[in-house]
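Chain by chain, the residues run as shown.
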Amino acid sequence: MHKRQIKEKVYWMGAVDWDRRLFDSLIPLPDGTTYNAYLVEGSDKTALLDTVDPPMADVLMAQLEGVPKVDYIVSHHAEQDHSGSIPLILEKFPKAKVVTTPKAKGMLMDLLGIPESVFITVADGETLSLGDKTLKFIHAPWVHWPETMVTYLQEDRILFSCDFFGSHIATSDLFVTDEGRVYEAAKRYFAEIMMPFRSVIEKNMEKLKPFDIELIAPSHGQIYDRPSWIMDAYRDWIIGPPKNTVVLPYVSMHGSTKRMVDHLTSALVEKGVRVELFHLTVTDIGKLAMALVDAATIVVGTSTVLAGPHPLAAYAAFLANALRPKARFLSIIGSYGWGGKTLETLAGMIPNLKVEVLDPVLCKGLPSESDFKALDALASAISIKHKEHHLI
Ligand code: FEO
């Protein structure tokens, strides 16, 4: 794809990666992704904002064929899907300077071997004149690494946000056209990448309040021409109350835990609580992460393997602990053959979760009537807790 004009002398560049299905060897990409770079041509200087993932560098290099000079390469974030092609750009434009935060400078030197002499570091709020266009740099740490910043192009009122507000969608659309589709992708992105840093992101959102933003141009996904829409969604995900929902990741080896899961699900639904089930042998981990954004309660369902939780249940607990969702309650259900330490093991894996633990239900072999009654009691306890907190 050729470069595409966004505004006078402001262009989208980059690559649409239609085929990629996994990011960081971890995150599913059902819809591919994009690596967006942007070119801003001022009357005196030209700046390239970010680059692309190195496997697609040839796309960006072809787009730069007709560009006579690049004076500055602005690096918002040191992760290689945006910074990895900087060395190639420096080969093509050897006089260019890399403009970044002091913290990112060190990271770019470590990760890419870029020499110290090419850097210009910028303070929070510092501006850089390109002549008739001005870049203002806003430090925005932890979206999603410690070195990140965003850039506001003052004359055109564009916020270049890099990963912040991004979404993994491969499409030929330059701007958001299908808000429903983008909402899902942006929420998935938030859940997988940003959720652990909710409190810092809230502060970054506050920093953006004074800016009159017409467009948000992220480095993944499409450009937002209704910035308030995605910013409101972020506020809801970050500080909105959790919802009257139980997220229930589970794994069952011989059907006993599955019976418990089904019984608890029915009991919760009868009490007006939404349930999102994830069978961990087949689930898309991104979908589970998305459900964790809103759920008030997490219930892990697990069989017992070698005296502990099934490894897939341990993986779900590890993931939830790492993502630090806003859930307030947690419980564990499952079955064992002769004993074990499932509860202790899982409880030890979630120190980051600020949750009240509700009475777990573990049974020996097939669940009995008393086990089903215990599951009913758990459903009642969850329902009461949600009502007490006025969750909807
Ligand atoms: Fe899109 Fe954190 O890199």
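Chains are numbered independently. Their residues run from 1 in the order of the written sequence. The predicted origin of the model limits local features to residues at a pLDDT of at least 70 and limits the giving and counting of side-chain atom pairs to 80 or more, whereas totals for whole chains, interfaces and linings rest on all residues. Water and hydrogen atoms play no part in the side-chain values, which are based on all heavy atoms of the structure.

K.L.:
Can you tell me about the overall build of the chain, naming the residues and giving the values?
P.N.:
Counting its regular elements, the chain contains 12 helices and 21 strands. Structurally, the chain occupies a C-alpha span of about 80 × 40 × 35 Å along its principal axes. Here's how the labels work: a residue is buried when its accessible area is under 20% of the maximum for its type, exposed when over 50%, partly exposed in between, all with a 1.4 Å probe on protein chains only. Of all 392 residues assigned to the chain, the portion counted as buried reaches 57%. Put simply, of all contacts in the chain between residues at least 6 apart along the chain, 72% involve residues at least 24 apart. If you sum the accessible surface of the chain, you get close to 16100 Å²; carbon and sulfur atoms cover 54% of it. Here the chain contributes 40 positive and 48 negative side-chain charges, whose respective centroids are spaced 4 Å apart. Where helices and strands are cited, they refer to DSSP runs of H or I of at least four residues and of E of at least two residues respectively, numbered from the N terminus. Contacts are assigned to residue pairs with any non-hydrogen atoms lying within 4.5 Å of each other. Under the convention used here, a 1.4 Å probe and the Shrake-Rupley method define accessible areas, while residue burial counts only the protein chains that appear. The charge count includes Lys and Arg as positive and Asp and Glu as negative, but it does not include His or the ends of the chains. Working definition for charges: the position is that of NZ of Lys, CZ of Arg, CG of Asp or CD of Glu.

K.L.:
Which residues make up the pairing of strand E16 (residues 274-279), and what values do they have?
P.N.:
Criterion used throughout: strands pair if DSSP finds at least two bridges between them. Judged from the six bridges that link them, strand E15 (residues 243-251) and E16 form a sheet pairing that is parallel. Considered in E16, the bridge of Pro249 is made with Phe278. Orienting the strands away from the viewer, one traces the path from the first strand over the helix to the second; a clockwise path indicates a right-handed crossover. Crossover connection from E15 via helix H8 (residues 256-270) to parallel E16: handedness right-handed.

K.L.:
Describe the sheet that holds strand E5 (residues 33-41), and please don't skip the residues or the numbers.
P.N.:
Paired through backbone hydrogen bonds, the strands of a sheet run either parallel or antiparallel to each other. Spatial strand order, E1-E2-E5-E6-E7-E8-E9: seven strands in an open sheet with mixed pairing. Because the sheet does not close on itself, it has two edges, and the strands there are strand E1 (4-7) and strand E9 (119-121). The mean angle between the axes of side-by-side strands here comes to 25°, regardless of whether they run parallel or antiparallel. Helix axes are fitted to C-alpha atoms over the stretch in contact, other axes to C-alpha atoms as well, and angles between N-to-C directions run from 0 to 180 degrees.

K.L.:
Residue-level account of the packing of aromatic side chains, with values.
P.N.:
What describes a pair of aromatic rings is the distance from one ring centre to the other and the angle between the planes of the rings. Two rings belonging to Phe, Tyr or Trp (six-membered ring only in the last case) form a pair when the distance between their centres is within 6.5 Å. Interplanar angles under 30 degrees mark stacking, angles over 60 mark edge-to-face geometry, and anything in between is tilted. The full count for this structure, using the stated rule, is 12 aromatic pairs. Between Phe164 and Tyr234 the ring centres are 5.8 Å apart and the planes differ by 75°, which places this aromatic pair in the edge-to-face class. With a gap of 70 residues between them, Phe164 in the loop between strand E13 (158-162) and helix H5 (179-194) and Tyr234 in helix H7 (residues 227-239) connect regions that are remote in the sequence. Given a relative accessible area of 1%, Phe164 falls into the buried group. Both rings, one in Tyr224 and one in Trp229, keep their centres 6.1 Å apart while their planes meet at 40°; by these two values the pair is tilted. Both residues of the pair, Tyr224 and Trp229, count as buried. An aromatic cluster of three or more residues is present, and its members are Phe164, Phe165, Tyr183, Phe190, Tyr224, Trp229, Tyr234 and Trp237. Here, a charge over a ring is recorded when the distance from Lys NZ or Arg CZ to the ring centre is within 6 Å and its angle to the ring normal is within 35 degrees. Sitting over the face of the ring of Tyr11, Lys3 holds its NZ or CZ atom 4.2 Å from the ring centroid.

K.L.:
Outline the pattern of salt bridges, supporting the account with residue identities and numerical values.
P.N.:
By definition here, a salt bridge exists when the distance from a side-chain nitrogen of Lys or Arg to a carboxyl oxygen of Asp or Glu is within 4 Å. Under the criterion given, the structure shown has 21 salt bridges. Across the pair Lys7 and Glu214 runs a salt bridge whose closest N-O atoms are separated by 2.9 Å. Of the two residues, Lys7 sits in strand E1 while Glu214 sits in the loop between helix H6 (198-208) and strand E14 (215-218), which places them 207 residues apart along the sequence. For Lys243, the salt bridge goes to Asp294, with nearest N and O atoms at 3.9 Å. Taken together, the positions of Lys243 in strand E15 and Asp294 in helix H9 (residues 285-294) put the pair 51 residues apart, joining distant regions of the chain. Its relative accessible area of 26% is what places Lys243 among the partly exposed residues. Accessibility expressed as a relative area gives 12% for Asp294, which makes it buried. One network of salt bridges, with partners in common, ties together Lys7, Arg157, Asp212 and Glu214.

K.L.:
Mind laying out the nonpolar core, listing which residues take part and the relevant values?
P.N.:
What makes a nonpolar core is a set of buried Ala, Val, Leu, Ile, Met, Phe, Trp, Tyr and Cys residues whose side-chain atoms join them at distances within 4.5 Å. Judged by nonpolar contacts, the single largest core of 63 residues is most densely connected at Leu159, Phe164, Phe165, Tyr224, Ile230, Tyr234 and Leu288. Considering each element in turn, this core owes the most residues, eight residues, to H5. Residues contacting Tyr224, with those up to four places away along its chain left out, are Phe165, Gly166, Ser167, Val176, Val182, Ala186, Glu214, Leu215, Ile216, Pro218, Trp229 and Ile230. Within the second largest apolar cluster, 26 residues are counted, among which are Met13, Leu64, Ile86 and Ile89.

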